[in-house]
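Commentary on secondary and tertiary structure
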Amino acid sequence: MSELSNESTTLDESHPAAEEVQSDSEQGAMAQESPKNSAAEIPVTSNGQLEDSHEHNFNRDLKRSLPVGLGLSETKITSHGFDGTKEGVVEAGPFPGKGGRTQQKGGPVVLADEVKNPAMEKLELVRKWSLNTYKCTRQIISEKLGRGSRTVDLELEAQIDILRDNKKKYENILKLAQTLSTQLFQMVHTQRQLGDAFADLSLKSLELHEEFGYNADTQKLLAKNGETLLGAINFFIASVNTLVNKTIEDTLLTVKQYESARIEYDAYRTDLEELNLGPRDANTLPKIEQSQQLFQVHKEKYDKMRNDVSIKLKFLEENKVKVLHNQLVLFHNAIAAYFAGNQKQLEQTLKQFHIKLKTPGVDAPSWLEEQ
């Protein structure tokens, strides 16, 4: 009897263990089926029936209160029941259409490509511009204080200085020629009015008819020759103005770009020299390499601008000699013919340089022209 009792006790003790194994297997089977459904697992009792208890309501409310955007791998909530013998697992599935991640069944997580932000690109451009401006400003200040070194092309710098000095002198000539043109225009206008006044008196004064007539013809001839000379002077002014304010100014604009490139080149050259004088380790070697690349870029820009300035100065000199030679010959011949009273030579000078005057009418030749 004692043996039977012991066997019965053993069977009774093993029976709950079997039930627990069966319950664990049922929960494992349900856990395997849970990834197929994005909803939370439904807690069940040990006999397989739905548990409509406070625990199930708690798990359901807790699932609803989950924050938006919490992914499947980020949420796993385990709650203990009131009796402390059962556990319920709530797993939140991914929210469709949220975020840049795409969940694929049975596959890896795919990250969407980041869209380039125009604001960030502009910010990067501003940063580079600010850094370049700072380096150039520091280089200019150090040069003015005599503490910084600068790259100098002696031959090119001498040509640039001569060009700037000549530009100032040409501007002075241009200003004086414009003053002469204004004064000559006023004189021609006065001579024309004076000629009309003499002609009117010649008709009304019989005793002085010839005298007034001579003076009227003289003033009209001087006014006509003055208009011819005025045309030659205005043509001279227009040509010199084009040379000074367009051709030379364009060359000086290239010179300014060359000087800016020289300052940038010296600024980055100074940075590279300072880095090379410092220690060489894992932190400084990348900076030295980057500085070397920037130095090479600005060196190529500087060499290119220096070559452009040399070419423009050469062509400018050739063009300047040709233009000024013709204009100076025109100015001299016109002035000489006017004050010599040689009207034919004055008109021939204008024809030589293809200068056309506006002639409102053709007057009959005076007695001075016939002499």
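Here, every reference points to the structure presented above.
Presented here is an overview of the structure given in this document.

About the cut-offs
Residues numbered from 1 in each chain as written. Predicted model: local features only at pLDDT ≥ 70, side-chain atom pairs only at ≥ 80, totals over all residues. Heavy atoms only, no water. Helix = DSSP H or I, 4+ residues; strand = E, 2+ residues; numbered from the N terminus. Buried < 20%, exposed > 50% of the residue type's maximum accessible area, 1.4 Å probe, protein only. Contact = heavy atoms within 4.5 Å. Areas by Shrake-Rupley, 256 points an atom, 1.4 Å probe, with all protein chains shown as cover. Salt bridge = Lys/Arg side-chain N within 4 Å of Asp/Glu carboxyl O.

**Things to note about the overall build of the chain**
Check the secondary structure of the chain and you find eight helices and four strands. Helices (α) and strands (β) of the chain occur, in sequence order from the N terminus, as α-α-β-β-β-β-α-α-α-α-α-α. Each of the 371 residues in the chain was classed as buried or not, and the buried ones make up 27%. Across the chain, contacts joining residues at least 24 apart in sequence account for 68% of those joining residues at least 6 apart. Of the accessible surface of the chain, which amounts to about 26500 Å², a share of 56% is contributed by carbon and sulfur atoms.

**A word on the environment of methionine 187**
Its place among the elements puts methionine 187 in helix 4 (residues 154-204). Considered as a pair, methionine 187 and glutamate 227 are 40 residues apart in the sequence and their alpha carbons are 10.0 Å apart.

**Re the pattern of salt bridges**
One pass over the structure, following the stated rule, counts 16 salt bridges. The salt bridge partner of arginine 164 is glutamate 259, with a shortest N-O separation of 3.1 Å. Of this pair, arginine 164 sits in helix 4 while glutamate 259 sits in helix 5 (residues 209-277), placing them 95 residues apart in sequence. Look at arginine 164 and you get partly exposed, because its relative accessible area is 30%.

Keep in mind these numbers describe shape, not what the thing actually does.
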